[in-house]
Amino acid sequence: MAKKRGKPSFIGIDLAWSDRNPSGVAAIRDGRLVACSGGLGKMSEILDFVGDHLSRRNGSIVAVDAPLRVPNETGIRPCDRALSADWRRYQAGAYPANRKLLERDGVVRGEALTAALSERFKFYESDVIPRRTKARLVCEVYPHPALVSLFGLDRTLKYKRGRGRSFAERWSELDRYRRLLRKLRKADPRLRGTRRLLKSTEVYGLRGAALQAYEDALDAITCAYIASYFWRHGPRAVTRYGSLEEGHILVPQAGRFR
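About the cut-offs
- Residues numbered from 1 in each chain as written.
- Predicted model: local features only at pLDDT ≥ 70, side-chain atom pairs only at ≥ 80, totals over all residues.
- Heavy atoms only, no water.
- Helix = DSSP H or I, 4+ residues; strand = E, 2+ residues; numbered from the N terminus.
- Buried < 20%, exposed > 50% of the residue type's maximum accessible area, 1.4 Å probe, protein only.
- Pairing = 2+ DSSP bridges.
- Contact = heavy atoms within 4.5 Å.
- Axes fitted to C-alpha atoms, helices over the stretch in contact; angles between N-to-C directions.
- Patch = residues over 30% accessible without salt bridge, like charges linked within 9 Å, V, L, I, M, F, W, Y side chains within 5 Å.
- Areas by Shrake-Rupley, 256 points an atom, 1.4 Å probe, with all protein chains shown as cover.
- Salt bridge = Lys/Arg side-chain N within 4 Å of Asp/Glu carboxyl O.
- Lys, Arg positive; Asp, Glu negative; His and termini not counted.
- Charge placed at Lys NZ, Arg CZ, Asp CG, Glu CD.

Taking an unreviewed UniProt entry as the reference, the protein chain is identified by name as DUF429 domain-containing protein belonging to Caldilineaceae bacterium SB0661_bin_32.

Shown next as structure tokens:
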């Protein structure tokens, strides 16, 4: 076990904007999915998951699908605006993030997560992930454009709840999502160990909390994989939107797996 904990680890968090909603988490080590869940609620549960999967010697990257820094009271962050300009044609634009929208009791949850990771585990927020770094870094990512980029999609997958979108459509897109993630076992970096979640769970028929948990788990796996991709390929394979001071989003460069 100690040997495994020595390998670099890549942790994905699909962070809910409120602790009243569940968050997804996933961890990758040595090219394998070693843990995932779609149902963590409290910040303490998320931090315990991170602590369980830290590398002792070779660095850990945490990639979070949620705004980690929101200095603007209203409006939209520059990174959200710039990303949307590039990805809107794929229906992968960013949601507007501002403090009026995201604050709960004066706290933006992504900022609280970053602060807790720093205090408890000595993580640093970074908008640049050096190739094969041994640091503990946390960055903001966004699965929708990442999936379009990594798999050469014409548009985003439509598995989320939306106006006029039926359960049958969402189940079909979730099934497509998991089949795409299975392709990563032959990618660079590769991702193995996904068969149990991606093949055994019956997507068709999921509703309510079970459906939400499955969506969140898949998004967390995607975030964790993005972290491993950044570590493997370095800044040249990443498009950076925004800045550390005003908020950032990192997206894998298009065309890598087309």
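(A) Geometry of unusual backbone geometry. For the bond running from Asp188 to Pro189, omega is 5°, close enough to zero to count as cis. On the secondary structure map, Pro189 appears in the loop between helix H7 (167-182) and helix H8 (195-200). The backbone of Asp105 shows a phi angle near 55°, a positive value even though the residue is not glycine. Residue placement: Asp105 occurs in the loop between helix H4 (99-102) and helix H5 (109-121). Residue classification places Asp105 among the exposed residues on the basis of a relative accessible area of 83%. Although it is not a glycine, Lys122 sits at a positive phi angle of roughly 65°. You can see Lys122 is positioned in the loop between H5 and strand E5 (124-125).

(B) Focus on the sheet that holds strand E2 (residues 23-29). If you walk across this open sheet you meet the six strands as E3-E2-E1-E4-E6-E5, and the pairing is mixed. Only two strands of the sheet have a single partner each, and these edge strands are strand E3 (32-40) and E5. The pairing of strand E4 (residues 60-64) with strand E6 (residues 136-140) spans five bridges and is classified as parallel. Note that in E6 the partner of Ser60 across the bridge is Arg136. Sheet strands in contact with helix H9 (residues 208-233) are strand E1 (9-14), E2, E3, E4 and E6, and its direction is about 140° off that of E1.

(C) Here's a closer look at a positive patch on the surface. A contiguous patch of positive charge, built from Arg185, Lys186, Arg195 and Lys199, is present on the exposed surface. Here Lys186 shows up in the loop between H7 and H8. Note on Lys186: relative accessible area 73%, which makes it exposed.

(D) Structural context of the pattern of salt bridges. The full count for this structure, using the stated rule, is 14 salt bridges. For Arg120, the salt bridge goes to Asp48, with nearest N and O atoms at 2.8 Å. A residue pair is termed long-range when its members are at least 10 positions apart, and Arg120 in helix H5 and Asp48 in helix H2 (residues 43-52) qualify at 72 residues. On the basis of relative accessible area, Asp48 is assigned to the partly exposed category, the value being 37%. The salt bridge involving Arg178 is made with Asp175; its shortest N-O contact spans 3.1 Å. With Arg178 and Asp175 both in helix H7 and three residues apart, the pair spans about one turn of that helix. A residue is classified by how much of its surface remains accessible, and Arg178, at 9% relative accessible area, is buried.

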